[in-house]
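Summary of the model geometry
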Amino acid sequence: MLFKEINRIYTEKIKEYFNAGYTINAGTMSGSEGEIAAIDLTRENDSTLIIRIYMEEFYCYGEMPYLRGIRIVTGSVTDPIDANLDKRMSNTIWNNRLKAIDEVRFYKIGEDKVGGKTWYGTFEEAKAAQEKAFDRFKIDSAIGDGKHTFPISSHKIILPLIKKQKGFKSARLSDVDEVYGETIYNPLNGKTSKRYYARVRNMKLRLR
């Protein structure tokens, strides 16, 4: 699914509370903890009950597999905050203090690097997509380590970049042992990037 479908699910979740008689509690909605969106709801006949429904990105760093995505969380406020009051400093709601009611997760399974679209799915779909990415990485590693050595004729072109490095202002063409590029794979987002290096006087320099 695309993000617009997550928007629709988020809207439907809020509509459930509107249909149950809840109204917006605007006085507690001015702050932000970096979430994508958040809405606070209350009931007119209960000034102690506030429900927050928020959407945010999540990351599973330190776990296997390394997954990320968007989640929609519904929780009730446990701090002593009265509803239907105008904005006050004491009206701050902290997401990590909510009593969980419901949570729905949408895991990133792929993206269009050109069009900028991201696709989301279940945990199982995201895990399978990442395993496929790892398999491609293993195949690439079996073929080679992602290193591409440039011909000696390139050393003359690269020499001015080497001279800009600290301590190598006096470097000569004969000091350049090797110039090469490496393909770096990031398993967290499935992207690859290029980095370029020169080995000069047996020292590795990153070219920028």
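See the structure above.
Note that this is a predicted model, so its numbers are computed, not measured.

Let us look at the sheet that holds strand β4 (residues 68-76). Adjacent strands of a sheet form backbone hydrogen bonds with each other and so pair up, either parallel or antiparallel. Here we have six strands laid out as an open sheet, ordered β1-β2-β3-β4-β5-β6, and antiparallel in their pairing. Both outer strands of the open sheet, β1 (23-24) and β6 (118-121), are each paired with one neighbouring strand and no more. When β4 meets strand β5 (residues 99-111), the two strands line up antiparallel, connected through eight bridges. The residue bridging Thr74 from the neighbouring strand is Asp102, located in β5. Most of the contacts of helix α1 (residues 3-19) go to strand β3 (residues 46-59), to which it runs at about 170°, and overall it touches β1, β2 (37-43), β3, β4, β5 and β6.

For β1 and β2, the ladder comprises two bridges, and the chain directions are antiparallel. Paired with Ile24 across the two strands is Leu41, which belongs to β2. In this structure, β2 lies alongside β3, joined through seven bridges in antiparallel fashion. Each bridged residue has a counterpart across the sheet, and for Arg43 the counterpart in β3 is Asp46. Adjacent in sequence and paired antiparallel, β2 and β3 are bridged by two residues.

Turning to the pattern of salt bridges, a few remarks are in order. Once their charged atoms are close, side chains differing in charge can pair, the charge on each being opposite to the other. Taken as a whole and assessed by the stated rule, the structure comprises twelve salt bridges. The salt bridge partner of Glu57 is Arg68, with a shortest N-O separation of 3.9 Å. One end of the pair, Glu57, is in strand β3; the other, Arg68, is in strand β4, with eleven residues separating them in the sequence. In the salt-bridge network here, residues are joined through shared partners; they are Glu56, Arg71, Glu103 and Arg105.

With 15 residues, the main nonpolar core has Ile6, Tyr10, Ile53 and Ile72 as its most contacted residues. Elements represented by at least two residues in this core include exactly α1, β2, β3 and β4. Apart from the residues within four sequence positions on either side, Ile53 is in contact with Tyr10, Lys13, Ile14, Tyr17, Ala37, Ala38, Ile39, Leu41, Ile72, Val73 and Thr74. In terms of nonpolar packing, the next biggest core, distinct from the first, is built from eleven residues, Ile162, Phe168, Val179 and Val200 among them.

Criteria and cut-off values
Residues numbered from 1 in each chain as written. Predicted model: local features only at pLDDT ≥ 70, side-chain atom pairs only at ≥ 80, totals over all residues. Heavy atoms only, no water. Pairing = 2+ DSSP bridges. Helix = DSSP H or I, 4+ residues; strand = E, 2+ residues; numbered from the N terminus. Contact = heavy atoms within 4.5 Å. Axes fitted to C-alpha atoms, helices over the stretch in contact; angles between N-to-C directions. Salt bridge = Lys/Arg side-chain N within 4 Å of Asp/Glu carboxyl O. Core = buried A, V, L, I, M, F, W, Y, C linked by side-chain atoms within 4.5 Å. Buried < 20%, exposed > 50% of the residue type's maximum accessible area, 1.4 Å probe, protein only.

It is worth stressing that arrangement in space is one thing and function is another; only the former is reported here.
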